[in-house]
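# Residue-level structural notes
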Amino acid sequence: TRAALTFGNSNLAASYFVLSLMVILASGRPRNVVLRAAGSVMVVVALVLTGSLAGFLGLVVALAVAAVAATSRRAGPLAATALLVGLLVAGGIGAVVAARYDAAGTARSSQNLLLRSSLGRGPESASERATLLEEQIELFTTGDLLGRGPASTKSTLESLQAPYPREAHNDYLAALIERGVIGAVGMVLLIGAVAMRAGGIVGSLVPSFRRSLATTAPLVGALVAAGVMAFSHEVLHQRHLWALLGVVAAIHLWGRMPGARELSR
């Protein structure tokens, strides 16, 4: 009931579609607005067919962050802050309304198979994640400072006959449990490095990069969305995320106006 295409995993496919849509918006390709809109709609439809709740949340976060970053670039930090507050308030109201009218329960009893397999499985998915979180905390408290080894969470839980033996489904916990203190420090350094470069690419670009990028704000949104999706899936295992990081690094090194001046020296 949930599309995965050639990815073999619907959540992996959803992550790819979210980041790809942001790249489409950033590049402004195809240049024809109608074609670009049609392509974007196709990607969103593909995302919906995956039924991935993490993908849906990632898309909302990516678009919201992109809007705030673009507003900050054009109208200044005050306008961006006002937009951010407005988006947070709107999101809070939406969450309250959804909870009050039991949107998940309505979707679970719906005749629409897609609704049942996406929004309708929200409470069940949350319960499974809560169980997995408890198991992972137990692994951490009984482990050592060097961790239990890469990709060892599922096999360890199986050996302990845990109720819900799965992979970590969380990049942050996986780094801590499987790589220990070194992994946690490495994760902090990676996040810091990405955040610094993400902030650095929101600005004027050299002419050669401007020909290929309409705006960098969607790329920043994609990075934040990846960070959010990392709470429920191990996105650091996904090649398209590293491709995106490579693009951001290239813009930071050679695409910014200050970077171009330094390179010319």
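Residues numbered from 1 in each chain as written. Predicted model: local features only at pLDDT ≥ 70, side-chain atom pairs only at ≥ 80, totals over all residues. Heavy atoms only, no water.

Another point: the packing of aromatic side chains. Tallied over the full model, the rule gives four aromatic pairs. Ring centres 5.1 Å apart and planes at 45 degrees place the aromatic pair phenylalanine 7 and tyrosine 16 in the tilted group. Judged by centre distance (4.6 Å) and plane angle (45 degrees), the rings of tyrosine 172 and phenylalanine 231 are tilted. In this pair, tyrosine 172 is assigned in helix α9 (residues 171–200) and phenylalanine 231 in the loop between α11 (217–229) and α12 (239–255), connecting sequence segments 59 residues apart. We note arginine 166 situated over the ring of tyrosine 164; from NZ or CZ to the ring centre the distance is 4.5 Å. (Phe/Tyr/Trp six-rings, centres within 6.5 Å; stacked < 30°, edge-to-face > 60°. Helix = DSSP H or I, 4+ residues; strand = E, 2+ residues; numbered from the N terminus. Lys NZ or Arg CZ within 6 Å of the ring centre and 35° of its normal.)

The topology assignment puts asparagine 11 in helix α1 (residues 10–27). For asparagine 11, a relative accessible area of 17% translates into the label buried. Of the polar contacts made by the side chain of asparagine 11, one reaches the side chain of arginine 2; its length is 3.2 Å. In terms of polar contacts, asparagine 11 uses its side chain to reach the side chain of serine 52, at 2.8 Å. Dropping the residues within four chain positions of it, asparagine 11 is found in contact with Arg2, Ser52 and His233. (Buried < 20%, exposed > 50% of the residue type's maximum accessible area, 1.4 Å probe, protein only. Polar contact = N/O pair within 3.5 Å; in protein donor to acceptor, adjacent residues only side chain to side chain. Contact = heavy atoms within 4.5 Å.)

This part covers unusual backbone geometry. Cis geometry is found at the peptide bond from arginine 29 to proline 30, where omega equals -5 degrees. With respect to the helices and strands, the residue proline 30 is situated in the loop between α1 and α2 (33–50). For alanine 151, which is not glycine, the phi dihedral falls at a positive 55 degrees. Mapped onto the elements of the fold, alanine 151 is located in the loop between α7 (122–142) and α8 (153–159). Within the chain, glutamine 161 stands out as a residue other than glycine whose phi angle is a positive 55 degrees. Topologically, glutamine 161 is positioned in the loop between α8 and α9.

Moving on: helix α3 (residues 53–75). Along an α-helix, residues three or four apart share an orientation, since each turn contains 3.6 residues. Between the first and last C-alpha of α3 there are 33 Å, a value that for 23 residues agrees with the 33 Å anticipated at 1.5 Å per step. Looking at α3, one finds that the buried residues are Ala54, Gly55, Gly58, Leu59, Val61, Ala62, Ala66, Val68, Ala69 and Ala70. (Expected span 1.5 Å × (residues − 1).)

This brings us to the confidence of the model for the protein chain. For the protein chain, the mean per-residue pLDDT works out to 90, and 97% of the residues sit at or above 70. Considering only residues more than four positions removed or in separate chains, one finds that residues 259–265, a stretch of pLDDT under 50, has three contacts. (pLDDT = per-residue confidence, 0-100.)

In contact at an axis separation of 9 Å, α9 and α12 are set at 50 degrees when each is read in the N-to-C sense. The angle between the axes of α9 and α12 places the two elements in the oblique class. For the pair α9 and α12, the sense of crossing is left-handed. Here Leu190, Val194, Met196, Arg197 and Gly200 of α9 lie close against α12, whose contacting residues are Trp242, Leu245, Val248 and His252. Its residues assigned to classes, the contact of α9 with α12 comprises six nonpolar, two polar and one charged. (Axes fitted to C-alpha atoms, helices over the stretch in contact; angles between N-to-C directions. Parallel < 35°, antiparallel > 145°, perpendicular 65-115°, else oblique. Left-handed = near helix turned anticlockwise from the far one by under 90°. Nonpolar A, V, L, I, M, F, W, Y, C, P; charged D, E, K, R; others polar.)

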